[in-house]
Structure formats: structure tokens, C-alpha cells
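The lines below spell out each chain.
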Amino acid sequence: MEFKTFIFYFLAVIMVFAALRVITSRNPVQAALFLVLTFFNAAGIWLLLNAEFLAMTLVLVYVGAVMVLFLFVVMMLDINLDRIRQGFWSYLPVGALIGILLLLEMVMVLGGSYFGLDAMPVPPAASQGYSNTRELGRVLYTDYVYAFELASLVLLVAMVSAVTLTLRKRKGIRYMAPADQVAVRREDRVELVKMQSENEA
């Protein structure tokens with residue numbers, strides 16, 4: 001077995017284990033951290049495939065930004081896990097049906113003849129002046145420009161939803177409107193009292 005193959009299987013085993021822990025962990029913070037581990041191993045596999053730009057983008061964008069946002073939202077929401085687990089068995093048939101449908105779709109996509117690796121042209125990675133970043137940008141902004149814009153809208157909705165969830169009203173927290181603070185006058189806060197001076201005896 002070559003060293004590169006050993007590295008691939010090593011990263012793949014850790015990635016599958018971490019992905020399973022994401023969906024089986026009872027603590028949402030631990031699940032998010034296992035998802036970070038999954039992203040790191042996926043980035044390592046992409047490095048083995050000479051996709052350096054995708055690997056660095058995965059680490060910088062998802063691990064450095066999206067997962068930090070998820071952790072902040074999970075810790076700030078103060079989720080009651082016991083209350084969430086109460087309806088687990090009632091939603092299990094629907095969740096199992098959706099999981100089976102997703103599995104069938106993945107089998108259809110991966111098993112289709114149009115997804116075969118033999119029919120795909122191999123890029124000249126070894127040629128001089130070739131850049132996979134430039135080729136990726138060309139494909140994104142020509143063939144998949146609408147899908148790329150749609151993905152950006154989905155991420156925008158996710159960011160707005162996360163901010164909206166953290167802006168809920170909580171009891172026992174003092175709050176003052178910034179507009180009221182700006183509109184205050186000196187006469188409303190400061191009272192000047194004129195007192196006569198007292199002579200020391």
C-alpha cells in the first residue's frame with residue numbers, strides 16, 4: 001500500500017467516525033466540534049486530490065466562519081435538550097422516510113452513467129501555467145452561475161436567521177433604546193442647584 005493511499009484511508013475513517021458522532025452526539029456543542037473535525041479531514045482528502053483551493057476554502061469559510069457562527073448560536077440559545085427529546089419517537093418515521101429518499105437520490109446520482117469518472121476529462125494539472133483556482137472560477141461563473149448565486153442567497157438567509165434567533169427578548173435584562181439615549185437633553189439629566197457658601201466657624 002502506498003503512503004498516499006494510507007493517508008486517504010486514515011482521513012476517511014476519521015471523517016466517517018466524526019460524521020457519525022455529529023448525528024449521534026447528545027450535546028449540540030460536541031456535535032458542532034465533531035463537524036469541525038469532519039471538515040478538516042475532508043480538506044485533507046481534497047489536498048490529496050490536488051484541489052488546494054477547495055481545501056483552503058473549506059477550512060477558512062466553514063471552519064473559520066460558519067462553524068464559529070453555529071457554536072455562538074447554539075451556546076446563546078440555551079437549548080433545553082430534554083424538551084427537544086420528548087417528541088423524538090413521534091418524528092422518527094418522517095425522519096426515516098426522508099433519510100431513505102436522500103439515500104436513494106445519492107445512489108441514483110452516483111450510480112448514473114453521466115457521473116462516471118471515466119467520461120470526465122482529466123485536467124492538465126502537470127502542465128505549466130495551469131491553475132485549478134482559475135478553472136474553478138471559470139466554471140462557477142459560466143456554467144453554474146445561477147446555482148452559485150442561489151447558494152449565496154441560502155447563506156444570506158442562514159445568517160439573517162441566526163441573527164434573528166439571538167435577538168429575542170429575555171427576562172431580567174435591562175435594555176434602553178439607542179434613540180432615547182441620543183435624544184436626551186442636558187436639562188433632563190442634570191440639575192444645577194445654587195447653594196450659598198458657608199463660612200467656617
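Residues numbered from 1 in each chain as written. Predicted model: local features only at pLDDT ≥ 70, side-chain atom pairs only at ≥ 80, totals over all residues. Heavy atoms only, no water.

As recorded in an unreviewed UniProt entry, the protein goes by the name NADH-quinone oxidoreductase subunit J, listed as coming from Thauera terpenica 58Eu. In its Subcellular location (unreviewed entry) section, the UniProt record describing the protein reads: "Cell membrane". (UniProt positions renumbered as here; feature names shortened; annotations may be inferred.)

Caption draft 1: Examining the packing of helix α1 (residues 3–24) against helix α2 (residues 28–48) more closely. Following both chains from N to C, one finds α1 and α2 inclined at 155°, their axes separated by 8 Å at the closest point. Relative to α2, α1 is oriented roughly antiparallel. For the pair α1 and α2, the crossing hand works out as left-handed. Facing Lys 4, Ile 7, Phe 8, Leu 11, Ala 12, Ile 14, Met 15, Phe 17, Ala 18, Ala 19, Arg 21 and Val 22 of α1, the residues of α2 in contact are Ala 31, Phe 34, Leu 35, Leu 37, Thr 38, Asn 41, Ala 42, Gly 44, Ile 45 and Leu 48. (Axes fitted to C-alpha atoms, helices over the stretch in contact; angles between N-to-C directions. Helix = DSSP H or I, 4+ residues; strand = E, 2+ residues; numbered from the N terminus. Parallel < 35°, antiparallel > 145°, perpendicular 65-115°, else oblique. Left-handed = near helix turned anticlockwise from the far one by under 90°. Contact = heavy atoms within 4.5 Å.)

Caption draft 2: Examining the packing of aromatic side chains more closely. In total, this model carries six aromatic pairs according to the counting rule given. When the ring of Phe 3 is compared with that of Phe 6, the centres are 6.5 Å apart and the planes differ by 35°; the resulting orientation is tilted. Of this pair, Phe 3 and Phe 6 both sit in helix α1, three residues apart, which is roughly one turn of the helix. Assessed through its relative accessible area of 62%, Phe 3 is described here as exposed. On the accessibility criterion, Phe 6 (44% relative accessible area) is partly exposed. (Phe/Tyr/Trp six-rings, centres within 6.5 Å; stacked < 30°, edge-to-face > 60°. Buried < 20%, exposed > 50% of the residue type's maximum accessible area, 1.4 Å probe, protein only.)

Caption draft 3: Summary view of the side chain of Ser 25. Structurally, Ser 25 can be placed in the loop between α1 and α2. Overall, the relative accessible area of 13% leaves Ser 25 in the buried class. Once residues lying within four places of it in the same chain are set aside, the contact partners of Ser 25 are Gln 30 and Ala 31.

Caption draft 4: Here's a closer look at helix α3 (residues 52–77). Under the 1.5 Å per step criterion, the end-to-end length of α3 is 36 Å for 26 residues, consistent within 8% with the ideal 38 Å. At Tyr 62, α3 is deflected by roughly 30°, the largest bend along its length. Turning to α3, the residues buried within the fold contact α2 and α7 (145–166). (Expected span 1.5 Å × (residues − 1). Bend = angle between axes of the 7 residues up to and from the residue.)

Caption draft 5: Broad picture of helix α5 (residues 88–111). The end-to-end C-alpha distance of α5, which contains 24 residues, comes to 33 Å, matching closely the 34 Å that a straight helix rising 1.5 Å per residue would cover. Of all the bends found along α5, the most pronounced is centred on Val 94 and spans about 30°. Within α5, only zero of the 24 residues are buried, which leaves the element largely exposed.

Caption draft 6: Spotlight on the nonpolar core. Judged by nonpolar contacts, Ala 32, Val 36, Phe 39, Ala 42, Ala 43, Ala 55, Leu 58, Val 63, Met 67 and Leu 71 together constitute the single largest core of ten residues. Put simply, the parts of the chain that give this core at least two residues each are α2 and α3. (Core = buried A, V, L, I, M, F, W, Y, C linked by side-chain atoms within 4.5 Å.)

Caption draft 7: Focus on the pattern of salt bridges. On inspection of all chains with the given rule, the structure shows one salt bridge. With a closest N to O distance of 3.1 Å, Arg 138 and Glu 135 form a salt bridge. With Arg 138 and Glu 135 both in helix α6 (residues 132–140) and three residues apart, this pair spans about one turn of that helix. Accessibility expressed as a relative area gives 45% for Arg 138, which makes it partly exposed. (Salt bridge = Lys/Arg side-chain N within 4 Å of Asp/Glu carboxyl O.)

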